Amino acid sequence: MSMEIVKKIKEMVDLETKGWDTKNPELFLSMIHPDIAWPWPPTADAHDPIDWVFVMGRFDKERWRKSWQDLFDSYDLVYNYRNTVKIEISQEQDAAFAVIDIDTLWRHKVTKEESHWKGRVCKIYTKLSTGEWKFYYQTGALNFPPHKSA
């Protein structure tokens, strides 16, 4: 496995985390592949994609920036814990995925309503013909039983 690619993917994961922590969408908007379409499960137990929905549709940088900025303007970030569990690189070294356990809590500034993002996500990355890596897809945060080693 190419440690250089693992390092690059970890940097992308960490840049996205920093974007959430600092409420700066620019940090992760730049790494998103323009063809991403991102369905989301309505709950952390909705493993069957028949129940998934689209929250924002296909990537549109300005629309996604506005959506995230609205979140940042309306909610306080209480905490954002993220743990990279695994990074896997394709044999061809042109694709990768990262398994991340997330636990992120937002609290509305006025209503105090909480939005809790908790579970395991799988972030998928692709290497462009230019050599640049882009974030291509992510599963929503899902609950999984603890992993058992063989």
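These notes cover the structure that comes with them. In this text, all values refer to a predicted model and were calculated from it rather than measured experimentally. Within every chain, residues take consecutive numbers counted from 1 along the sequence as written. Confidence filtering applies because this is a predicted model: local features only for residues at pLDDT of at least 70, side-chain atom pairs given and counted only at 80 or more, and all residues used for totals across whole chains, interfaces and linings. Side-chain figures throughout are based on the complete set of non-hydrogen atoms in the structure, without hydrogens or water.

## Here's the deal with the packing of aromatic side chains
Any pair of Phe, Tyr and Trp rings, taking the six-membered ring for Trp, is counted once the centres come within 6.5 Å. Such a pair is stacked with planes under 30 degrees apart, edge-to-face with planes over 60 apart, and tilted for the rest. Tallied over the full model, the rule gives 15 aromatic pairs. Ring centres of phenylalanine 59 and tryptophan 64 lie 5.0 Å apart, and the angle between their planes is 90°; on these two criteria the pair is classed as edge-to-face. Looking at phenylalanine 59, the relative accessible area reads 12%, which means it is buried. Any residue under 20% of the maximum accessible area for its type is buried, any over 50% is exposed, and the rest in between are partly exposed; the area is computed with a 1.4 Å probe on protein chains only. Looking at tryptophan 64, the relative accessible area reads 1%, which means it is buried.

## Quick word on the side chain of histidine 108
A helix here means a DSSP run of H or I that spans at least four residues, while a strand means a run of E at least two residues long, and both kinds are numbered starting from the N terminus. Assignment of secondary structure puts histidine 108 in strand β4 (residues 95-108). Its relative accessible area of 18% is what places histidine 108 among the buried residues. A polar side-chain atom of histidine 108 sits 3.0 Å from the main-chain amide nitrogen of valine 110. Any pair of residues with heavy atoms lying within 4.5 Å of one another is described as a contacting pair. Dropping the residues within four chain positions of it, histidine 108 is found in contact with Ser74, Tyr75 and Glu113. Polar contact criterion, stated in full: a pair of N or O atoms within 3.5 Å, where within protein one must be able to donate a hydrogen and the other to accept it, and residues adjacent in sequence count only if both atoms are side-chain atoms.

## Side note on the pattern of salt bridges
What makes a salt bridge here is a side-chain nitrogen of Lys or Arg within 4 Å of a carboxyl oxygen of Asp or Glu, nothing more. Evaluated as defined, the whole model comprises 11 salt bridges. We note a salt bridge from lysine 66 to aspartate 70, for which the minimum N-O separation is 2.8 Å. Of the two residues, lysine 66 and aspartate 70 both sit in helix α3 (residues 61-74), 4 residues apart, roughly one turn of that helix. Here aspartate 70 falls in the partly exposed class, since its relative accessible area comes to 37%. When the shortest N-O distance is used, the salt bridge between glutamate 114 and arginine 107 registers 2.6 Å. The exposure class of glutamate 114 is partly exposed, given its relative accessible area of 46%.

## Regarding the sheet that holds β4
Note on pairing: two strands pair once DSSP finds at least 2 bridges between them. Reading across from one edge, β3-β4-β5-β6 is the order of the 4 strands in this open sheet, with antiparallel pairing throughout. Two strands lie at the open edges of the sheet, namely β3 (75-89) and β6 (133-138), each paired on one side alone. Here the average twist between neighbouring strands, direction ignored, is 30°. Pairing geometry for strand β5 (residues 114-127) and β6, over 5 bridges, is antiparallel. Of the residues in β6, the one forming a bridge with threonine 126 is lysine 134. Orientation is described by axes fitted as lines to C-alpha atoms, over the contacting stretch for helices, and by angles from 0 to 180 degrees between their N-to-C directions. In the packing of helix α1 (residues 3-21) onto the sheet, contacts are made with β3, β4, β5 and β6, and the angle to β3 comes to roughly 170°. Against the sheet, α3 contacts β3, β4 and β5, and its axis sits at roughly 135° relative to β3.

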